[in-house]
Each structure stands twice: as C-alpha cells, then as structure tokens.
Amino acid sequence: MKTSVLMLAISALWVGFSAAAEPIQIIQPAKITEPEKVELGKMLYFEPRLSKSGFISCNSCHNLSMGGVDAIPTSIGHNWQEGPINAPTVLNADFMLAQFWDGRAKDLQEQAGGPIANPKEMGFTHELAVKTIASMPAYRQKFAKVYGTETVDIDKITDAIAAFEKTLVTPNSPFDKYLAGDQQAISADAKTGYELFKSHGCVACHNGPAVGGTSYMKMGLVKPYHTDNPAEGRKAVTGKESDKMVFKVPTLRNIELTYPYFHDGSVWSLAEAVNTMSDLQMGQQLTEQETAQMVEFLKTLTGEQPQIVLPILPPSNESTPLPQPFKQG
C-alpha cells in the first residue's frame, strides 16, 4: 500500500514537472471573489445604451457566443462606420500584457472606456454614458451595493466591466488535459503538430497560459506583410518609426473560433494563417502535412466557453438620454 501511494505521488510530481517545463502552461478557471461586481459588469458589458445609437454594446464586437469576436475583418461602429482594425477576442484577455493591438491601454479597465467614447465605435461620450446609467434607479442600487455609493462615474463603470471580463477564461481544453497528463486527450497528429510548433520557433512569441499576448512583434519580420489596413501598430503609441507594424502578439487560445485572422482580418483559413506566419515571421515553408498537423494542434487549444446567462437590464425612463441611432457626428 505504501509503495502504491509513493508511486502515485512520484507520478503526480512528474506530471507537474513535465507541464511546468513546457512553453505553454495550463490555463486555470477564473476565481470569482466579487460576484456582485462581476454581475454588474456583465450587465454593463451587454448594455447597448452605453452607445450613442442605443444599439451597440461591448458584446457587439466581442460576442461571447462566437469566441469573443464578431467574425468580420473589421468591426461595424456607430452609423455603420467601418472600424479600423480586427476585433481581438475578449476571452482570456486578462492574461495580456496590455490591451488593443497596439497596447495603448494598460489593462482591461482602461480598455473598456475606449470604445464608448470612440466616434467610430460606440460614438458616445463618457459624460453621457454616466448620465444614462445613473438615470436608472436599479443601476444606482447596484452601484451602491458594490461601491458603497449610488454615485456613478466612468471609473466605476469600467472597473465593473473589467471585473466581468476577467472571468472570461476558457479552461479544460484538450491541450490543457494533455499537459495535465492525459495522453489520450489529443490525437497523434496534434502531438506532432505541437512538436512542430515548438521546433519551428512559434513558441518564441506564443507561450504562457494564453499562448501569446505577453509580447510585441513586428508583423513581417523576415518578409514584408502587405495590407491596405492603415494601422501602424506600436508606432501610433510610441511615435517611433521602428515600431511601425509592431503589434501585440495575439493569444492562440480558441484560435479556431476567432477568425478572420491578423490585425486586418484578411485571412479566414487557419491553415493559410499558419503558412503565412511561418513564411513571413520565420522564413520557413511548411509541407501540406505539417500545416495540417499544426492546425490540428491549434484546435486543441479551444477550451470551455463561458456559460453566460443574459442579464435583464433595467428600463429607461424620462431621465434617460434618448438613443440617436442614425445621427452622424
């Protein structure tokens, strides 16, 4: 009996050591310590009255039924304006070193305030957003319960949204189970694809729990990337010419769900995305079989999607600013 217990302990330690030695780490389920704040944040995440039109919410571009994206090349903003860049997934976004493709927001809270006041996105102002939410007694009561005061401000709104977004993790993917020691969790082709992923150098950028998101890299490192998209990457933040076309490395978690790919949303096929990155970033050509095996591995990174019960939002009243869905400017 003692020998069996000892062998089990040794086996568990070995599995833990093996997983820790890998460039990709198991993603853990979210730990919710402030459920009332998270629930308020969920309401605000799905709240279309945070937009000028009264129609666009955070979920419009980061749809939680579609992998946290909108599945179009660039998002549709106020008055059907074309957005400037592909909407990155909100799933596992708390693992990122910064938010947005160019990293201009330091965290989820700062990010949450950006689209509300962006004339090409939600087209509102922070002042009107606050007035809208504060006009509804049910919201004021929830703010009082969470923050100790009925006073609504943009910092509390974005703090609550960020608290909700931090819960949007996708654990228990087949690859996580494989890392935890279940050798049957992924196919032989996926295992080969993972070895190719490592040997071809993909893990230099795509590592950690989110398989990316913790560094910046030039798009077109070995060969130039040609696109009509005007986004300049980190240059827009730093002003440095050397930062042109340098973007935050995206997470590869749930990558099969978050098409189209790249900052311009120009590639719809995961196989094409793999080949493009191998060619432009590493100067390597993959065989058809290698591509298929790497795609098979990437699909094992799809985890359990957040199970969201849609919130019932409070009704507007005579004090609530009216939506202006078709007004320009």
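Residues numbered from 1 in each chain as written. Predicted model: local features only at pLDDT ≥ 70, side-chain atom pairs only at ≥ 80, totals over all residues. Heavy atoms only, no water.

For the chain, an unreviewed UniProt entry supplies the name Cytochrome-c peroxidase and the organism Shewanella avicenniae.

(A) Inspection of the environment of Q284 at higher detail. Its place among the elements puts Q284 in the loop between α11 (270-282) and α12 (288-299). Using a relative accessible area of 26% as the deciding quantity, one classes Q284 as partly exposed. As for Q284 and P35, which are separated by 249 residues in sequence, their C-alpha atoms are 48 Å apart. (Helix = DSSP H or I, 4+ residues; strand = E, 2+ residues; numbered from the N terminus. Buried < 20%, exposed > 50% of the residue type's maximum accessible area, 1.4 Å probe, protein only.)

(B) How the structure looks around the pattern of salt bridges. Going through the model one piece at a time under the given rule, you end up with 15 salt bridges. Of the charged contacts in the structure, one is a salt bridge between E36 and K145, with a shortest N-O distance of 3.5 Å. In this pair, E36 sits in helix α2 (residues 35-45) while K145 sits in helix α6 (residues 137-147), placing the two residues 109 residues apart along the sequence. Taking the shortest distance from any N to any O, the salt bridge between D176 and R253 comes out at 3.0 Å. Residue D176 is found in helix α8 (residues 174-179), and its partner R253 is found in the loop between β2 (246-248) and α11; the two are separated by 77 residues along the sequence. Just as D176 is buried, R253 falls in that class too. (Salt bridge = Lys/Arg side-chain N within 4 Å of Asp/Glu carboxyl O.)

(C) Focus on the UniProt feature "domain: Cytochrome c" (unreviewed entry) in the chain. Summarizing the sequence annotation, UniProt attributes the feature "domain: Cytochrome c" (unreviewed entry) to residues 36-144 and 188-302 in the numbering used throughout. Annotated as 38% helix and 0% strand, the span residues 36-144 places its first and last C-alpha atoms 11 Å apart. Within residues 188-302, the helical portion is 36% and the strand portion 5%, while the C-alpha atoms at the span's ends are 17 Å from each other. (UniProt positions renumbered as here; feature names shortened; annotations may be inferred.)

(D) Main features of the packing of aromatic side chains. Throughout the structure, instances matching the rule amount to eleven aromatic pairs. Ring geometry for Y259 and W268: centres 6.2 Å apart, planes at 40°, overall tilted. Through pairs of rings, three or more aromatic residues link up here, namely F175, Y178, Y194, F197 and F297. When the ring centre of F100 is taken as reference, the NZ or CZ atom of R104 above it lies at 3.7 Å. A cation over a ring is seen here: R234 above Y216, with NZ or CZ 4.3 Å from the ring centre. (Phe/Tyr/Trp six-rings, centres within 6.5 Å; stacked < 30°, edge-to-face > 60°. Lys NZ or Arg CZ within 6 Å of the ring centre and 35° of its normal.)

(E) Broad picture of α11. Along its 13 residues, α11 runs 17 Å from first to last C-alpha, staying within 8% of the 18 Å computed at 1.5 Å per residue. Within the sequence span of α11, burial applies to L270, A273, V274, T276, S278, D279, L280 and Q281. Where α11 is buried, its residues contact β1 (216-218) and α12. In this structure S269 caps α11, since a side-chain oxygen of it lies 3.3 Å from the backbone nitrogen of A271. Downstream of α11 by a residue or two, G283 has a phi angle that is positive, lying close to 65°. (Expected span 1.5 Å × (residues − 1). Contact = heavy atoms within 4.5 Å. Polar contact = N/O pair within 3.5 Å; in protein donor to acceptor, adjacent residues only side chain to side chain.)

(F) Seen up close, the nonpolar core. Ranked by size, the top nonpolar core spans 33 residues in total, and within it I24, F175, F197, F297 and L298 carry the most contacts. Every element with two or more residues in this core is listed here: α8, α9 (188-199), α11 and α12. Residues contacting F197, with those up to four places away along its chain left out, are I24, C202, V203, H206, V211, L252, M294, F297 and L298. L44, I116, F124 and F164 belong to the second-largest nonpolar core, a separate cluster that totals 30 residues. (Core = buried A, V, L, I, M, F, W, Y, C linked by side-chain atoms within 4.5 Å.)

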